[in-house]
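So you can see what is in the structure, the chains are spelled out below.
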Amino acid sequence: MGPGFRRDDDLGSNLIITCPHCGARPVEEFTFLGDAKPQRPTSNDPSSMEQWFDYVYLRDNPKGRIDEFAHHSGGCRAWLVVTRNTETHEVHGTVTAKDYAVRAKKSGR
Ligand SMILES: [Zn+2]
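Just so you know, these numbers come straight off a predicted model, no measurement behind them.

J.: Looking at this model, I keep getting lost on the pairing of strand β6 (residues 91–96). Mind explaining?
T.: Within a regular strand, side chains alternate between the sheet's two faces. In the sheet, strand β5 (residues 79–85) pairs with β6 via 5 bridges, with the strands oriented antiparallel. Looking at the pairing, Arg84 lines up with Val91 of β6. The turn joining β5 and β6, which pair antiparallel and follow one another in sequence, is formed by 5 residues; a positive phi near 65° is taken by His89.

J.: What should I look at first to understand the environment of Glu29 in this one?
T.: Within the secondary structure layout, Glu29 lies in the loop between β2 (23–26) and β3 (31–35). A count of 16 C-beta atoms within 10 Å places Glu29 in the partly exposed class. Sequence separation of Glu29 and His72 is 43 residues, and the distance between their C-alpha atoms is 6.1 Å. Setting aside its immediate chain neighbours within four residues, Glu29 contacts His72, Ser73, Gly74 and Gly75.

Scoring rules and cut-offs
- Residues numbered from 1 in each chain as written.
- Predicted model: local features only at pLDDT ≥ 70, side-chain atom pairs only at ≥ 80, totals over all residues.
- Pairing = 2+ DSSP bridges.
- Helix = DSSP H or I, 4+ residues; strand = E, 2+ residues; numbered from the N terminus.
- Buried ≥ 20, exposed ≤ 12 C-beta atoms within 10 Å, placed from the backbone.
- Contact = placed C-beta atoms within 7 Å.

See the structure below:
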């Protein structure tokens, strides 16, 4: 199970994530890597060190909706981005990491 996920038998919930390739699968099949929003700096110039520091070391710890990288390590082995609520663990959607990157590029993030 990835960070932030737990079974809560009192709520009777079993976390299910819908992989775009495999369909509805249990959360135990996925490995989570964290926030998908930080974008890798495009420059290697020394003047971009502050951007690199932010990209490598600084992460938000949001309450509410978050987009997280997930690897379907127990299934098709595709990289995905899962949108979930950190408070309720409700999963709002799943897209391939490629589609997420294309969407982020179009929106100018
Ligand atoms: Zn899959």
